[in-house]
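Listed below, chain by chain, are the residues.
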Amino acid sequence: MSEKEIKNHGTGQSLSLEEIFEQRIARDEKIEPKDWMPEKYRKTHIRQISQHAHSEIIGMLPEGNWITRAPSLRRKVALLAKVQDEAGHGLYLYSACETLGISREELYEQLHTGKAKYSSIFNYPTITWADMGAIGWLVDGAAIINQVPLCSTSYGPYARAMIRVCKEESFHQRQGYEIMITLANGTPEQKEMAQDALNRWWWPSLMMLGPTDAESVHTAQSMKWKLKRKTNDELRQQFIDQTVPQAELIGLTIPDPDLKWNEEKGSYDFGEIDWDEFWQVVKGHGPCNKERMAARVNAWEKGEWVRDAAMAYAKKQEDKKLKKAI
Amino acid sequence: MKNENKIQYIYGIADNALILGQRLSELCGHGPNLETDIAMTNMALDLLGQTRSYYQYVAQLSGDGKTEDDIAFLRIERQYKNVLLVEQPNRHFGYVITRQFFYDAFHLLLLEELQNSDDETVAAIAKKGIKEVSYHQRFSSDWMKRLGDGTEESHQKVQEAVDDLWKYTDELFHMTEDDKIAVENGVGVNTAALREKYDQRIRDVFEEARITIPETKWFQKGGKQGIHSEHMGYLLSDLQYMQRTYPNMKW
């Protein structure tokens, strides 16, 4: 039997490895690390899973910005725990990615050199406490819509990681919304702070669901591999339809004069998204792209002597054990 | 024992947890690797959780309608009774670990005694904290060894931190008037009596970590009287920012 072909004994037909692979995915079977997979599948998954992991890690920074200034002990503890969850998500997503034959060091290298992308939303600054509410409510809300379908994606380790991620994200989303409720029901200053945060985070959150279908380069292939179950535009519509009533419920106004319920299609019509802004931020020229990267690179470089020490110490301990054994 | 003395006694313990928790919080997202980042955040969470329990009890004792947040955020600098050690800045990872190690060694011994306090609430908070702080102590001791007996550079860096922070360790064992009253009333712990065990613990870990005990006999004190280092004001500006800017609001 050749590498490329194996016989299907039952029918006498020849099926390539790739055809067998595609059939497995069509049958909703999980692909595991040791299974054969097309190189393109491996590469696409490394790209997407690592992008996702990087987003978790970079996403710690805008929220981390408010931990020391959180307005109450209860909020401080909740925010710390949330940012810690994101570190945890990063950890198991990096682990899932490593099963595809790439090391964590290589993945960091790709992030630090700008080769790998992360979610652009984290390049916006967090300038008031209400941003902690808006991020939880809108950014985690949009993330969940993106991520729930991934719980049944074809690559086993990714799907399993996503089940846990989604559970925690939905908790974060409720927590963020609860911050917004408190502010919206608070003093005029607090309500204004909440509205201002919604004004600033609304459009970037819509952009988070990705370019329009016409512009999205990876959609077709990703749908086939179940890395995607709905298109970007469908997901965006779902996010808007779900979020608008939540804003209304707490008396906040979505900053879109064209937003209107469309009885016929049973969903909201909405205004034009500023895609120039989207691409500007994606290409590295958002308000905080440089700061976010500098913070990560700084943590990594300043941590080098610490990691080296841990390695050296572990090796010394290992050597001692060996000596004893001899 | 008068409530006011008891409250001051509790501040002497709780403020350490708040301020060290705040310092550790600054590091969230900036650790040398993800695992360490998560572990340090865990310690911050434990310490802030303990802080809340103590302050909630103080709020109850004071009976003047003050909340845990009034206590955490709305005192003036001179009213915080934490030791100087815990407010020292995160200069580098060696400082973070050394500060933690000195405090953990003391903190665990303290809680092990405090769980026998005649005050049931204080005893319960201490008892709950022991498990958490045992983990902190293991974490910081392990890192002292890794840094001390790791590379030449890490050894030098952690020794530098030990040399710098050593002068703040003596204050851990000073007894204020309120501490003495608390001991007399069976509520508090005689910290002077913990000294021997503490010194032994430090010597044991240092020996394994190849770290030299500084020879200085000069120590700093003042935190317990609310006389802090210059770092404290900046820490409090962050901590109190929201409550000071937007007074009397619910968050």
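Residues numbered from 1 in each chain as written. Chains lettered and ligands numbered in written order. Predicted model: local features only at pLDDT ≥ 70, side-chain atom pairs only at ≥ 80, totals over all residues. Heavy atoms only, no water.

1. Structural notes on the overall build of chain B
Here comes step 1: Counting secondary structure elements, chain B contains 10 helices and zero strands.
Here comes step 2: Secondary structure elements of chain B occur, N-terminal to C-terminal, as α-α-α-α-α-α-α-α-α-α.
Here comes step 3: The C-alpha radius of gyration of chain B comes to 18 Å, within 12% of the 18 Å expected for a compact globule of 251 residues.
Here comes step 4: If you line up chain B on its principal axes, its C-alpha atoms span 55 × 40 × 30 Å. (Helix = DSSP H or I, 4+ residues; strand = E, 2+ residues; numbered from the N terminus. Rg over C-alpha atoms; globule rule 2.2 N^0.38 Å.)

2. So, empty space enclosed by the protein
Here comes step 1: This structure, assessed with the given rule, holds three cavities of 30 Å³ or more.
Here comes step 2: The space that makes up the largest cavity amounts to roughly 120 Å³.
Here comes step 3: Around the largest cavity, the lining residues are Tyr9(B), Gly12(B), Ile13(B), Asn16(B), Tyr103(B), Phe106(B), Leu110(B), Leu172(B), Asp179(B), Val189(B), Thr191(B) and Lys224(B).
Here comes step 4: Going through the elements one at a time, α1 (3-25) and α5 (93-114) of chain B are the ones with two or more residues in the lining of the largest cavity.
Here comes step 5: Its residues placed into classes, the lining of the largest cavity shows seven nonpolar, three polar and two charged.
Here comes step 6: If you add up the space inside the second largest cavity, you get close to 80 Å³.
Here comes step 7: The wall of the second largest cavity is formed by Glu63(A), Arg75(A), Ala78(A), Leu79(A), Lys82(A), Trp129(A), Met132(A), Gly136(A), His172(A), Gln175(A), Gly176(A) and Ile179(A).
Here comes step 8: Its residues assigned to classes, the lining of the second largest cavity shows five nonpolar, four polar and three charged. (1 Å grid on protein atoms, 1.4 Å probe; cavity = no way out; pocket = protein on both sides within 12 Å on 5 of 7 lines; lining within 4 Å. Points joined across faces, edges and corners; volume = space filled by probe spheres on them. Nonpolar A, V, L, I, M, F, W, Y, C, P; charged D, E, K, R; others polar.)

3. Quick look at the interface of chain A and chain B
Here comes step 1: Each partner contributes residues to the interface: chain A has 48 residues there, and chain B has 49 residues.
Here comes step 2: Carbon and sulfur atoms supply 69% of the area buried between chain A and chain B, which totals about 4100 Å² over both sides.
Here comes step 3: At the surface where chain A touches chain B, the tally comes to two salt bridges.
Here comes step 4: Sorting the residues of the side of chain A that touches chain B by element identifies α2 (39-64), α3 (73-98), α4 (104-112), α6 (156-184), α7 (188-207), α11 (289-302) and α12 (304-325) of chain A as the ones contributing at least two each.
Here comes step 5: Top contributing element to the side of chain A that touches chain B by residue count: α3(A), with 14 residues.
Here comes step 6: Its residues assigned to classes, the side of chain A that touches chain B shows 28 nonpolar, nine polar and 11 charged. (Contact = heavy atoms within 4.5 Å. Buried area = accessible area lost by both parts, 1.4 Å probe. Salt bridge = Lys/Arg side-chain N within 4 Å of Asp/Glu carboxyl O.)

4. Observations regarding the confidence of the model for chain A
Here comes step 1: Confidence along chain A averages 93 in pLDDT terms, with 96% of residues attaining 70 or more.
Here comes step 2: Under a pLDDT of 50 for its full length, residues 1-9 of chain A has, in the predicted model, 17 contacts with residues more than four places off or in other chains. (pLDDT = per-residue confidence, 0-100.)

5. Regarding the environment of Lys191(A)
Here comes step 1: Relative to the helices and strands, Lys191(A) resides in helix α7.
Here comes step 2: Contacts of Lys191(A), omitting those with residues within four sequence positions, involve Leu183(A), Ala184(A), Gly251(A) and Leu252(A).

6. Quick look at the layout of surface pockets
Here comes step 1: Empty space within the second largest pocket amounts to approximately 380 Å³.
Here comes step 2: Forming the walls of the second largest pocket are 18 residues, and the residues nearest its centre are Lys302(A), Leu27(B), His30(B), His92(B) and Phe93(B).
Here comes step 3: Of all the elements in the fold, those that place two or more residues in the lining of the second largest pocket are α11 and α12 of chain A together with α5 of chain B.
Here comes step 4: A per-element tally of the lining of the second largest pocket places α11(A) first, with four residues.
Here comes step 5: Taken together, the residues of the lining of the second largest pocket break down into nine nonpolar, six polar and three charged.

7. Brief notes about the nonpolar core
Here comes step 1: Counting residues in each nonpolar core, the largest one holds 175 residues, and the members touching the most others are Trp129(A), Trp202(A) and Phe102(B).
Here comes step 2: For this core, the element with the most residues is helix α2 (residues 34-62) of chain B, which contributes 15 residues.
Here comes step 3: Non-local contacts of Phe102(B), meaning those with residues more than four positions away in its chain, are made with Leu85(B), Val162(B), Leu165(B), Trp166(B), Thr169(B), Leu172(B), Tyr198(B), Ile202(B) and Phe206(B). (Core = buried A, V, L, I, M, F, W, Y, C linked by side-chain atoms within 4.5 Å. Buried < 20%, exposed > 50% of the residue type's maximum accessible area, 1.4 Å probe, protein only.)

8. Considerations on the state of the cysteines
Here comes step 1: If you walk through the whole model with that rule in mind, you get zero disulfides over all chains.
Here comes step 2: With no disulfide of its own, Cys97(A) lies closest to Cys166(A) among cysteine sulfurs, the gap being 17 Å.
Here comes step 3: When its relative accessible area of 0% is taken as the criterion, Cys97(A) is described as buried.
Here comes step 4: In this model Cys288(A) remains outside any disulfide bridge; the closest cysteine sulfur is found in Cys28(B), 18 Å from its own. (Disulfide = S-S within 2.5 Å.)

9. Description of helix α7 (residues 152-165) of chain B
Here comes step 1: Its 14 residues give α7(B) an end-to-end C-alpha distance of 20 Å, which sits within 8% of 20 Å, the value for a rise of 1.5 Å per residue.
Here comes step 2: When α7(B) is considered as a whole, its buried residues turn out to be Ser154(B), His155(B), Val158(B), Gln159(B), Ala161(B), Val162(B) and Leu165(B). Down the axis of α7(B), the buried set is contained in an arc of 160°. They therefore lie on one face. Turned more than 90 degrees away from the buried face of α7(B) sit Glu152(B) and Gln156(B), all of them exposed.
Here comes step 3: The inward-facing, buried residues of α7(B) contact α12 of chain A together with α4 (84-87), α5, α6 (120-148) and α9 (195-209) of chain B. (Expected span 1.5 Å × (residues − 1). Arc of directions from axis to C-beta.)

10. Things to note about the side chain of Thr41(B)
Here comes step 1: Tracing the backbone through its elements, the reader meets Thr41(B) in helix α2.
Here comes step 2: The exposure class assigned to Thr41(B) is buried, which follows from its relative accessible area of 2%.
Here comes step 3: In this structure, Thr41(B) is in contact with Leu80(A), Gln84(A) and Cys28(B), ignoring residues within four places of it in sequence.

11. Quick word on the packing of aromatic side chains
Residue and element names in this part refer to chain A.
Here comes step 1: As enumerated under the stated definition, the model contains 25 aromatic pairs over all chains in all.
Here comes step 2: Relative to tyrosine 108, the ring of tyrosine 94 lies with its centre 5.2 Å away and its plane at 70°, an arrangement referred to as edge-to-face. Of this pair, tyrosine 94 sits in helix α3 while tyrosine 108 sits in helix α4; the two residues are 14 residues apart in sequence, bridging distant segments of the chain. Note on accessibility: tyrosine 94 and tyrosine 108 belong to one class, buried. (Phe/Tyr/Trp six-rings, centres within 6.5 Å; stacked < 30°, edge-to-face > 60°.)

12. Considering unusual backbone geometry
Residues and elements named next belong to chain A.
Here comes step 1: A positive phi angle, near 65°, is found at aspartate 28, a position not held by glycine.
Here comes step 2: Position of aspartate 28 relative to the elements: it lies in the loop between α1 (17-26) and α2.
Here comes step 3: Under the relative-accessibility criterion, aspartate 28 is labelled partly exposed at 48%.
Here comes step 4: A positive phi angle, near 65°, is found at lysine 226, a position not held by glycine.
Here comes step 5: Looking at the secondary structure, you find lysine 226 in the loop between α8 (219-224) and α9 (232-249).

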